[in-house]
Amino acid sequence: MNPLRITYRFHAKDGTDASFSLELDPLNLQLPEPEGDLPDWTRLEFRQCPHCPLDSRARSHCPVAAHLPRLIKTFNHLVSHDRVEVEVTTEERTVTKEVSVQAGIGALMGLIMAVSGCPIMTFFRPMARFHLPFATQDETIFRAASTYLLADYFRTRSFGTDPDHGLEGLREIYRQVHVLNSAFFDRIKAAARTDASLNALVHLDMFALMLPLQAEQELPAVLEYFRPFLEGLSGKHPLSTDPETG
């Protein structure tokens, strides 16, 4: 099977052009191990995440950090608010958008983190397979909740576990991601010369912090989209806020 390829092309206002092509294993949705020498800040023990399950005796480098040196170095001369046109190409489509440098870096960085081989980020691999660059808050909530509930379905069907209708597991996933982001910020400080890469990570972490709370608030708002699935059922649906149509 051929690898799944996702390509990010950056065109900055100052003339900086850069292309990053990620080739994912079609079965496990993971990047291959990086080749060549890596900077010291990518070593596993360098400001290692406090909840990292990896052992430096078995793995020398942080799987996320090992895939980021070129991305950070490319934009080390730009600041967060500089503008850049980003073209994202997958096998299915091409998306182009002008954004801030921090938003462009953040979109690619988030994708790399998901497919790097980091065990804490494995939940996001299915979302990476159906990558949606520059997703809105509502799109992210819908995709994260849908991914988690589908995974819960497979887990329940395969192993007989109790279904997690309250999305408690999803909250725990994002709590773990926040811990990772906080530690990773300190790691990237050793490589970043401007705030672009650092603020890209801060932006990603804001999603991790706010998504569980936002999901509780926003999911009831999409109830009406699913009304056809609820028609004919007796009683008021627990998510409904409309006494007339519940």
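Whatever comes next refers back to the structure up there.
Not measured: the values here are computed from a predicted model. (Residues numbered from 1 in each chain as written. Predicted model: local features only at pLDDT ≥ 70, side-chain atom pairs only at ≥ 80, totals over all residues. Heavy atoms only, no water.)

Participant: Honestly, the packing of helix α4 (residues 137-159) against helix α5 (residues 168-188) in this entry has me stumped. Any pointers?
Facilitator: Packed helix pairs are characterised by how far apart their axes lie and by the angle those axes make with each other. Contact geometry for α4 and α5: axes closest at 10 Å, N-to-C directions at 120 degrees. Classed by the angle they form, the pair α4 and α5 counts as oblique. Crossing handedness for the pair α4 and α5: right-handed. Of α5, the residues touching α4 (which contributes Ala144, Ala145 and Tyr148) are Gly169, Leu170, Ile173 and Tyr174. Taken together, the residues that form the contact of α4 with α5 break down as six nonpolar, one polar and no charged. (Axes fitted to C-alpha atoms, helices over the stretch in contact; angles between N-to-C directions. Helix = DSSP H or I, 4+ residues; strand = E, 2+ residues; numbered from the N terminus. Parallel < 35°, antiparallel > 145°, perpendicular 65-115°, else oblique. Left-handed = near helix turned anticlockwise from the far one by under 90°. Contact = heavy atoms within 4.5 Å. Nonpolar A, V, L, I, M, F, W, Y, C, P; charged D, E, K, R; others polar.)

Participant: How do you make sense of the nonpolar core when you look at a structure like this?
Facilitator: Soluble globular proteins tend to bury their nonpolar side chains together. Residues Tyr8, Leu68, Leu71, Phe124 and Phe184 are the most contacted members of the largest nonpolar core, which totals 65 residues. Among the elements that take part in this core, helix α2 (residues 101-115) stands out by supplying 10 residues, more than any other. Dropping the residues within four chain positions of it, phenylalanine 124 is found in contact with Ala114, Ile173, Tyr174 and Val177. (Core = buried A, V, L, I, M, F, W, Y, C linked by side-chain atoms within 4.5 Å. Buried < 20%, exposed > 50% of the residue type's maximum accessible area, 1.4 Å probe, protein only.)

Participant: Looking at this structure, I do not really get unusual backbone geometry. What am I missing?
Facilitator: As a rule of thumb, non-glycine residues mostly have phi less than zero, and peptide bonds are mostly trans rather than cis. Positive phi outside glycine occurs at arginine 47, with the angle close to 50 degrees. As for its placement among the helices and strands, arginine 47 is situated in the loop between β2 (17-24) and α1 (69-74). The phi angle at phenylalanine 134 is positive, at roughly 60 degrees, despite the residue not being glycine. Relative to the helices and strands, phenylalanine 134 is located in the loop between α3 (125-129) and α4.

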